[in-house]
Amino acid sequence: MLILTETAKVKAKRNTQQQLYWSVLAGMTISIGCIGLAFVRSDTPLTYSLSGILGGFVFSFGLFTIFALGLELFTGNCVLLSAYMSDDISLQDLLKILVYTLLGNIAGCILMWGIFSFCKFSYADILRAMANSKVDLPLFQLFFRGVMCNIVIGFATLMNFNSKFLASKFFSALLPVIIFVACGFEHSIADAFILLFSSLDICAVVTCFINVLLGNIVGGAIIGALHYLINNPYSR
């Protein structure tokens, strides 16, 4: 609990410029992970399960880099609800962290999308197919896949807070990411990059993103609240 609250206090004291810079970099690393995932999925002989496992392994570059460098990821910061519930940061601090992190993450995704679009790789079609398949999903499925994803990412974030060495941070990122990628859960920041490739109606794309985002918030809040209750068993 102490590590999480101290981390939350540090994040709350960062100025807007710092928060946005760290968040843009995090969005860029997640986008690079998505590109690697698309490359793996372009290898058609791979089975669905093997593609998911290898894709998750490559995608974990994004989360591991965030953990190793201390970057700001929206989905991971959702667990900071625990610090708010213990009165270590204010609601204003929590909302500031989440809003600026989300905006910076999205900006990083847009930046990488713009750069990658000029590369003209053939597997960009995989990203387009992935985006369109997400938009076609029912909204309640997107929401609950988002909840599941950030429950997994929430556990990864808590493990990272208790990791002192790069090796432990690596495995804190690797195993949860393989799980959520292989199982098809939805990560809002990854989707912020992937959905930029969609050829479908913009309103449907935005609605898809919002539902995943809301699911991620709920999933992260569940882990944050449970973390608080476990460490404060006699609280009301």
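Use the structure listed above.
Quick caveat: nothing in here was measured; it's all calculated off a predicted structure. (Residues numbered from 1 in each chain as written. Predicted model: local features only at pLDDT ≥ 70, side-chain atom pairs only at ≥ 80, totals over all residues. Heavy atoms only, no water.)

1. Describing the overall build of the protein chain
The number of helices and strands found in the protein chain is 11 helices and 0 strands. In terms of overall size, the protein chain behaves like a compact globule, its C-alpha atoms giving a radius of gyration of 17 Å where 236 residues would be expected to give roughly 18 Å. Its C-alpha atoms put the protein chain at 55 × 35 × 30 Å along the principal axes. Considering only residue pairs separated by 6 or more positions, the protein chain has 85% of its internal contacts joining residues 24 or more positions apart. (Helix = DSSP H or I, 4+ residues; strand = E, 2+ residues; numbered from the N terminus. Rg over C-alpha atoms; globule rule 2.2 N^0.38 Å. Contact = heavy atoms within 4.5 Å.)

2. Quick notes on the packing of helix α2 (residues 16-41) against helix α3 (residues 48-69)
In contact at an axis separation of 8 Å, α2 and α3 are set at 165° when each is read in the N-to-C sense. Classified by the angle between their axes, α2 and α3 sit roughly antiparallel to one another. Seen from above, α2 lies across α3 with right-handed handedness. Of the residues in α3, those in contact with Trp22, Ala26, Thr29, Ile30, Ile32, Gly33, Cys34, Gly36, Leu37, Val40 and Arg41 of α2 are Ser51, Leu54, Gly55, Val58, Phe59, Phe61, Gly62, Leu63, Thr65, Ile66 and Leu69. For the contact of α2 with α3, the residue count by class is 14 nonpolar, 7 polar and 1 charged. (Axes fitted to C-alpha atoms, helices over the stretch in contact; angles between N-to-C directions. Parallel < 35°, antiparallel > 145°, perpendicular 65-115°, else oblique. Left-handed = near helix turned anticlockwise from the far one by under 90°. Nonpolar A, V, L, I, M, F, W, Y, C, P; charged D, E, K, R; others polar.)

3. Let's talk about the environment of Thr65
With respect to the element layout, Thr65 can be found in helix α3. When its relative accessible area of 13% is taken as the criterion, Thr65 is described as buried. For Thr65 and Ile30, which are 35 residues apart along the polypeptide, the C-alpha to C-alpha distance reads 9.0 Å. Beyond its immediate chain neighbours, meaning those up to four positions away, Thr65 contacts Thr29, Gly70 and Leu71. (Buried < 20%, exposed > 50% of the residue type's maximum accessible area, 1.4 Å probe, protein only.)

4. Regarding the pattern of salt bridges
Counted according to the given criterion, the structure contains 7 salt bridges. Lys9 is the salt-bridge partner of Glu6, the closest N and O atoms lying 3.7 Å from each other. With Glu6 and Lys9 both in helix α1 (residues 2-13) and 3 residues apart, this pair spans about one turn of that helix. A residue is classified by how much of its surface remains accessible, and Lys9, at 30% relative accessible area, is partly exposed. Among the ionic pairs, Lys134 bridges to Asp191, the shortest N-O distance being 3.1 Å. Placement of the pair is Lys134 in helix α7 (residues 124-135) and Asp191 in helix α10 (residues 188-194), with a sequence separation of 57 residues. Asp191 sits in the buried class, given a relative accessible area of 1%. Through salt bridges with shared partners, a single network forms among Glu6, Lys9 and Asp88. (Salt bridge = Lys/Arg side-chain N within 4 Å of Asp/Glu carboxyl O.)

5. Examining the environment of Leu95
Its location among the elements puts Leu95 in helix α6 (residues 91-117). On the basis of relative accessibility, which here comes to 45%, the residue Leu95 falls in the partly exposed class. Note: C-alpha distance between Leu95 and Ile106 (11 residues apart in sequence) is 16 Å.

6. Considering the packing of helix α8 (residues 139-161) against helix α11 (residues 202-231)
Where α8 contacts α11, the axes come no closer than 6 Å and their chain directions differ by 40°. Considered as vectors, α8 and α11 are oriented oblique to each other. For the element pair α8 and α11, the recorded crossing hand is right-handed. Split into classes, the residues belonging to the contact of α8 with α11 amount to 14 nonpolar, 10 polar and no charged.

7. Some points on the nonpolar core
Ile30, Phe59, Leu63, Leu127, Phe180 and Phe193 are the most contacted members of the largest nonpolar core, which totals 62 residues. If sequence neighbours within four positions are ignored, Phe193 has contacts with Ser31, Cys34, Ile35, Cys109, Met112, Trp113 and Leu127. (Core = buried A, V, L, I, M, F, W, Y, C linked by side-chain atoms within 4.5 Å.)

8. Looking at the side chain of Asn132
In this fold, Asn132 is placed in helix α7. Given the relative accessible area of 16%, Asn132 is considered buried. Within polar-contact distance, the side chain of Asn132 engages the side chain of Ser198 at 2.9 Å. Setting aside its immediate chain neighbours within four residues, Asn132 contacts Ser198, Ser199 and Leu200. (Polar contact = N/O pair within 3.5 Å; in protein donor to acceptor, adjacent residues only side chain to side chain.)

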